[in-house]
Amino acid sequence: MINETMATYANYALYSAVAVLMLAMIGYGVYLAALVPDKDAAREAKGAERASAKPPKAVESASAAGGSGAGTTTLVREETDAPEETSLRGRKAAGMAGTLAWLGTALLLVSGALRAASVQRAPLANVFEFTVTASFFVMAAFCIWSLRRDLRWMGLFVTAPVVLFLWLAGTVWYTEAAELVPSLQSFWLVVHVSVAVAATALCVLSAILSGLYLIRDSAVGQRGFWVKFPKALPLERLSYGMIIVAFPLWTFALISGAIWARQAWASYWNWDPKEVWTFVIWIVYAAYLHARATTTVSRRTANWINLAGFVCIIINFTVVNYLFVGQHSYAMATVLGVSA
């Protein structure tokens, strides 16, 4: 029995969340915009102060002739870890954006809870519900993480894709509240899909950090907008840590999906497009972890593989659902205009 009133309120909460997160995105954008001139000025002032107060570090190296001759001295200027100053306007905008991010996350939780109450099941049965739930996981992880770290520099890059996907969920991928198709009427729905959602959320955050790492690494030794972000190596380590957690979750989702397929379709593996692409994603992220642990592979190359894995997730989430017909076609039944 579908409670249409609850489903309507769930949609209202979703629309409100999109509006609030859009305002948070603007606030984080204002913070970054206000950061640009102030950080340049602060860097020049601090650079002049260090030049007058602390000489460059001298590194002496032996000559090539046996290492016993006169050495050569090289001056090395180390990059500082001191935080850059921010204008009052930027700090206020970031503070408001942080509050709005928490509010938007709470509204997504309310929307999911109302949707679950309206259909009396976990809201994980189609692309629309998966997108809303995954967006909640991404925002919840970001907000909780921001309690321990200053992530104002990352806020725009998190809220922007979340707003985009929520807009797509509410328009292109929207599915009316309905009962489950027979193949989904199993406790594996919660186990399998919720773990896949959590893994996807971590992969989203990791891809954002990998992209920022690649840009920040290219900006080393330069002066410009991107040098205002944290150093490249900490960004890369954070991205790697996300996949360290996400990969076992994705592995469990792959295995639990096979077990569920055995119960629903009498076979562990059916060469369904969704199954194949889930395995492809697993292979790409396994390649990333292998490349990251191999000393002969540069970290830039490893992070490009990480981004390739995220692209595979997007393909699996959109192209596969739209263009390939298989046993998971119920996920896009309403959008494609066919019955599940």
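The structure reproduced in this document is the subject of the present report. (Residues numbered from 1 in each chain as written. Predicted model: local features only at pLDDT ≥ 70, side-chain atom pairs only at ≥ 80, totals over all residues. Heavy atoms only, no water.)

Let us now look at the environment of L21. Along the chain, L21 turns up in helix α1 (residues 4–53). As a C-alpha pair, L21 and W102 span 81 residues in sequence and 8.9 Å in three-dimensional space. Dropping the residues within four chain positions of it, L21 is found in contact with L100, A101, G104, L108, M139, T159, V162, V163 and L166. (Helix = DSSP H or I, 4+ residues; strand = E, 2+ residues; numbered from the N terminus. Contact = heavy atoms within 4.5 Å.)

This part is about the packing of helix α3 (residues 127–145) against helix α4 (residues 155–170). Helix-helix packing is characterised by the crossing angle of the two axes and by the distance between the axes. In contact at an axis separation of 9 Å, α3 and α4 are set at 165° when each is read in the N-to-C sense. Judged by the angle between their axes, α3 and α4 are roughly antiparallel. For the pair α3 and α4, the sense of crossing is left-handed. Facing F128, T131, V132, S135, V138, M139 and F142 of α3, the residues of α4 in contact are G155, V158, T159, V162, F165, L166, A169 and G170. Of the residues assigned to the contact of α3 with α4, the class counts are ten nonpolar, five polar and no charged. (Axes fitted to C-alpha atoms, helices over the stretch in contact; angles between N-to-C directions. Parallel < 35°, antiparallel > 145°, perpendicular 65-115°, else oblique. Left-handed = near helix turned anticlockwise from the far one by under 90°. Nonpolar A, V, L, I, M, F, W, Y, C, P; charged D, E, K, R; others polar.)

Applying the stated rule across the entire model yields six salt bridges. In this structure, R115 and E129 form a salt bridge, with 2.9 Å as the shortest nitrogen-oxygen distance. Highlighted residues: R115 in helix α2 (residues 88–119) and E129 in helix α3, separated in sequence by 14 residues. Classification of R115 as buried rests on a relative accessible area of 4%. (Salt bridge = Lys/Arg side-chain N within 4 Å of Asp/Glu carboxyl O. Buried < 20%, exposed > 50% of the residue type's maximum accessible area, 1.4 Å probe, protein only.)

A few words on the packing of aromatic side chains. The full count for this structure, using the stated rule, is 13 aromatic pairs. Following the ring pairs from residue to residue traces out a cluster consisting of F130, F165, W173 and F317. Cation over ring: R262 sits above Y268, and NZ or CZ is 5.8 Å from the ring centre. (Phe/Tyr/Trp six-rings, centres within 6.5 Å; stacked < 30°, edge-to-face > 60°. Lys NZ or Arg CZ within 6 Å of the ring centre and 35° of its normal.)

With 16 residues, α4 should reach 22 Å at 1.5 Å per residue; the first-to-last C-alpha distance of 22 Å fits that figure. Listed in full, the buried residues belonging to α4 are G155, V158, T159, V162, V163, L166, L168 and A169. (Expected span 1.5 Å × (residues − 1).)

Relative to each other, helix α5 (residues 188–218) and helix α8 (residues 299–317) sit at 140°, their axes nearing to 9 Å. Relative to α8, the element α5 is oriented oblique. Crossing geometry of α5 relative to α8 is assigned as left-handed. The segment α5 lies against α8, with T200, C203, V204, S206, A207, S210, G211, Y213, L214, D217 and S218 engaging R299, R300, N303, W304, N306, L307, F310 and I313. Taken together, the residues that form the contact of α5 with α8 break down as nine nonpolar, seven polar and three charged.

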